[in-house]
Amino acid sequence: MEHFRTSRGRRLAPMQVGLIAAATLTLVSLAAPRADEALPAPEQTIGQQMPEFRLRDTNGKTRTLEQYAEKKAMVVVFIGTRCPIANGYAAPLSELAESYRRRGVQFLAVNANPGELKGAHQHARAYRYSFPVLKDDRQVLARGLAARITPEAFVLDEQRIVRYRGRIDNAYASRTEKRNFVTTKDLQSALDAVLAGREVKNPVTRPFGCTIVYNQPKTRQQEREAAVTYYRDVLPILQERCQSCHRPDQVAPFSLLSYEDAKSWAGEIKQFVKGRLMPPWQAEPGHGDFMDVRRMTQKEIDTVCAWVDDGAPAGRKKDAPPAKKWEDGWTLGKPDLVLTMEEAYQVGATGEDDFRCFVLPTGLTEDKQVVAMEVRAGNPRVLHHILAFTDTQGRGRALDAKDPAPGYNAGPGGIGFFPSGGLGGWAPGNMPRFMPEGVARPLPKGSDLVIQAHYHKTGKPEKDKTSIGLYFAKEPVKYTAMIWPLTRLDINIPPGVERHEVKASMKTPMAIKAFSITPHMHLLGKEMKVTATLPDGTVKDLVWVKNWDYRWQDTYRYKEMVELPAGTLLEMRAYFDNSANNPRNPSNPPQTVRFGEQTTDEMAFAFIDFITESSGGGLLQLLLGGRR
């Protein structure tokens, strides 16, 4: 029987030729739109043919579509070196590529962000991609496929027709909401359908990740006439609200120190500030008067959004404010005592978040009063937050001795035992502060500091060796900082309930002055409100977190101490979502959840830091860092 070859070299029987000829009459090859043209809708690219390309990979080797003519299918995934979601998929994609390689499938990664291409080679090596990473410097392939997001995957059949585009799986419910379980493997399902000659059931899905920035340069005249520019209007906002975290070697996944940085992330900046997801600040305005509020004004939000909508014009550099200076050393000055993890801890590339406890012996030969604690994250890319507890009985050391790796694992809820006291915590964006004048926390001689560290995974192996600086009182301490843990221990959250209420209340047996408050829940937590009803009937809101996020736990310090007379009723109302619709639910299907310290348990605490003139207050002393 005579055979024919396609333009990609595959042999076809005459019947196949006829069928393909008839089918392709309805196909339109994808062509890259001009820089000033809008990209076609994702649905419009399904059934169209992938454009030819000639691109270099990160090793300098030229790659063309013709080189893969014998492949039964292809997967093209757009990635970005600075996109944390894309980076998190590097290892799973490499594993998937290896498993499908013997079935005749070729995987390719494409980086189409011009500002990232200089570091693309090092990035590909660091994340150990098992397939080629192409540099689409002119964005020809990105425009040809109308790619919008990193990571966004495209499945092409034997004739290089687009049969699927979208997410890799349903691990993300939004850009900031990662599910605890993957229940739909969209890319794998699409590949299996294409290889079996079936239609893809859901050919278009929505990917979550980082926006691909297309080059649409403005003329100098357009730059001059722009109503809102980066250097004059946006940079001051970024300096004040964002750069404390968004700079090199800090916890944020990308820097915002330069115009190029800000332009690259313009789409994300607009979405996150408009939705008030960034800067991270959970306390509702008007429900407690707090210091250091990381909340943009509406005018600032409107300015940033207008700048993005206008194409992110740079403006004139001479309009820029002076660059903000960031301390390389300790923010509060040289500490009196620096405690550092004995060994660097190895954080895995992928998997669930890691909660690890480390014992830091103080070596103190006399009691001290701590007026401030400052944390220097050894690796801000992975360290999400820490909680610091005091241990006077060596219980942390005993747990550490049983674990061969540095530190020990006690789960996300605590440190494995009820601590002697505590010194507070740290989270991204938290600025260290001295205690109110005359107030301190005790640190007994011979005690250990036990820190619980919460680590994220970045997609490649990381190491962390964090240090803590302690500042001791130089003047006599008048007040010991104390805490009341307003809570309920009989938590019982049934499965399937989307808004389960947990209430707690107590009356103050003496007059106190509250200077800060720390809400605390686990993964099912959704909302918490704490109020104080004074004996005369006056109601004061102490804090209201309407959209609880376990990843951003703050201690909210009041501008002025809140005076609460004896007999004040403290009330806490917390709400939990134990339904399958909650992407953070640690159980699938949902299970009954009770109080406890493990991932699948829950808590409802409102830790109220206070001082009191009453000598009886010592009976109620639980220093910050008690059971969480």
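Structure's up top.
Residues numbered from 1 in each chain as written. Predicted model: local features only at pLDDT ≥ 70, side-chain atom pairs only at ≥ 80, totals over all residues. Heavy atoms only, no water.

Participant: Please give an account of the overall build of the protein that cites residues and values.
Facilitator: The number of helices and strands found in the protein is 13 helices and 34 strands. Out of the 628 residues belonging to the protein, those deemed buried represent 52%. Roughly 29,000 Å² of accessible area belongs to the protein as shown, and the carbon and sulfur atoms make up 49% of that amount. (Helix = DSSP H or I, 4+ residues; strand = E, 2+ residues; numbered from the N terminus. Buried < 20%, exposed > 50% of the residue type's maximum accessible area, 1.4 Å probe, protein only. Areas by Shrake-Rupley, 256 points an atom, 1.4 Å probe, with all protein chains shown as cover.)

Participant: Provide a residue-level description of the nonpolar core, including the pertinent values.
Facilitator: Counting residues in each nonpolar core, the largest one holds 59 residues, and the members touching the most others are F107, L187, Y230 and W307. If one sorts the elements of this core by residue count, helix α9 (residues 230-241) sits on top with 6 residues. Aside from chain neighbours lying at most four places away, what touches F107 is V75, L93, L96, A97, Y100, F131, P132, L187 and L191. (Core = buried A, V, L, I, M, F, W, Y, C linked by side-chain atoms within 4.5 Å. Contact = heavy atoms within 4.5 Å.)

Participant: Can you break down the state of the cysteines residue by residue, with the values?
Facilitator: All chains considered together, the criterion is met by 1 disulfide. Note that C83 is cross-linked by a disulfide to C210, the S-S spacing being 2.3 Å. Here the S-S torsion is close to 85°, and the disulfide linking C83 with C210 is therefore right-handed. Of this pair, C83 sits in the loop between β5 (73-79) and α3 (84-88) while C210 sits in strand β13 (residues 210-211), and the two are 127 residues apart along the sequence. For the pair C83 and C210, a shared accessibility class is recorded, and that class is buried. Not engaged in a disulfide, the cysteine C245 finds its nearest cysteine sulfur in C242; these two sulfurs lie 9.1 Å apart. (Disulfide = S-S within 2.5 Å.)

Participant: Give me unusual backbone geometry: which residues, what numbers.
Facilitator: The omega torsion across T150 and P151 is 0°, close enough to zero to call that bond cis. Of note, the bond from M278 into P279 is cis; its omega dihedral lies within 30 degrees of zero at -10°. Mapped onto the elements, P279 comes out in the loop between α11 (266-274) and α12 (298-309). Positive phi, close to 60°, is recorded for Q139, a residue that is not glycine.

Participant: Which residues make up the packing of α9 against α12, and what values go with them?
Facilitator: In the contact formed by α9 and α12, the axes pass within 10 Å of each other and the chain directions differ by 130°. Regarding the angle of α9 to α12, the classification is oblique. Seen from above, α9 lies across α12 with left-handed handedness. In contact with Y230, D233, V234, I237 and R241 of α9, α12 contributes E300, T303, V304 and W307. By residue class, the composition of the contact of α9 with α12 is 5 nonpolar, 1 polar and 3 charged. (Axes fitted to C-alpha atoms, helices over the stretch in contact; angles between N-to-C directions. Parallel < 35°, antiparallel > 145°, perpendicular 65-115°, else oblique. Left-handed = near helix turned anticlockwise from the far one by under 90°. Nonpolar A, V, L, I, M, F, W, Y, C, P; charged D, E, K, R; others polar.)

Participant: Explain the sheet that holds strand β21 (residues 448-455) to me, using residue names and the numbers behind them.
Facilitator: With respect to topology, 4 strands assemble into an open sheet ordered β16-β21-β18-β19, the strand pairing being antiparallel. The open sheet has two free edges, formed respectively by β16 (354-361) and β19 (421-426), since each of these has just one partner strand. Across the sheet, the mean angle separating the axes of adjacent strands is 20° when strand polarity is ignored. Where β16 lies against β21, 8 bridges are found, and the strand directions are antiparallel. (Pairing = 2+ DSSP bridges.)

Participant: Would you mind going over the pattern of salt bridges in detail, with residue names and values included?
Facilitator: Applying the stated criterion across every chain yields a total of 28 salt bridges. The salt bridge partner of D609 is R441, with a shortest N-O separation of 3.2 Å. In this pair, D609 sits in strand β34 (residues 604-611) while R441 sits in strand β20 (residues 439-443), placing the two residues 168 residues apart along the sequence. When sorted by exposure, D609 lands in the same class as R441, which is buried. One salt-bridge network, in which partners are shared between bridges, spans R82, E116 and D261. (Salt bridge = Lys/Arg side-chain N within 4 Å of Asp/Glu carboxyl O.)

Participant: Any chance you could break down the pairing of strand β6 (residues 105-111) for me, citing the residues and the numbers?
Facilitator: Successive residues of a regular strand alternate their side chains across the two faces of the sheet. Among the 7 residues of β6, 7 are classified as buried, and the element is accordingly described as predominantly covered. Where burial is concerned, the two faces of β6 agree: the one with V105, F107, A109 and N111 and the one with Q106, L108 and V110 are both buried. In this sheet, β6 lies alongside β5 in parallel orientation, the contact comprising 7 bridges. In the sheet register, A73 faces β6, and the bridge partner there is V105.

Participant: Give me the lowdown on the sheet that holds strand β28 (residues 512-521), citing residues and values where you can.
Facilitator: As summarised here, the arrangement of the 4 strands in space is β25-β34-β28-β31, forming an open sheet in which the pairing is antiparallel. In this open sheet, the two strands that pair with only one neighbour each are β25 (482-487) and β31 (556-564). On average, each strand axis in the sheet is tilted by 35° relative to the strand beside it, whichever way the strands run. Sheet topology places β28 next to β31; 5 bridges connect them, and they run antiparallel. Along β31, the bridge assignment pairs K513 with E563.

Participant: Quick rundown of the packing of aromatic side chains? Include the residues and the values.
Facilitator: One pass over the full model with this rule turns up 20 aromatic pairs. Between the aromatic rings of F78 and F154, the centroid separation amounts to 5.7 Å while the plane-to-plane angle is 75°, which identifies the pairing as edge-to-face. Remark: F154 occurs in strand β9 (residues 152-156) and F78 occurs in strand β5; sequence separation between them is 76 residues. Here the aromatic rings of F605 and F607 are separated by 4.8 Å at their centres, their planes lie at 15°, and the arrangement is stacked. What makes F607 buried here is its relative accessible area of 2%. Taking the ring centre of W330 as reference, the NZ or CZ of R376 above it sits at 4.9 Å. (Phe/Tyr/Trp six-rings, centres within 6.5 Å; stacked < 30°, edge-to-face > 60°. Lys NZ or Arg CZ within 6 Å of the ring centre and 35° of its normal.)

Participant: Got a sec to walk through the side chain of T362? Specific residues and values, please.
Facilitator: With respect to the helices, strands and loops of the structure, T362 is situated in the loop between β16 and β17 (368-376). Residue classification places T362 among the buried residues on the basis of a relative accessible area of 8%. Side-chain polar atoms of T362 contact the backbone oxygen of S447, separated by 2.6 Å. Leave out the neighbours within four places in its chain, and T362 touches L337, L339, L443, G446, S447, D448 and L449. (Polar contact = N/O pair within 3.5 Å; in protein donor to acceptor, adjacent residues only side chain to side chain.)

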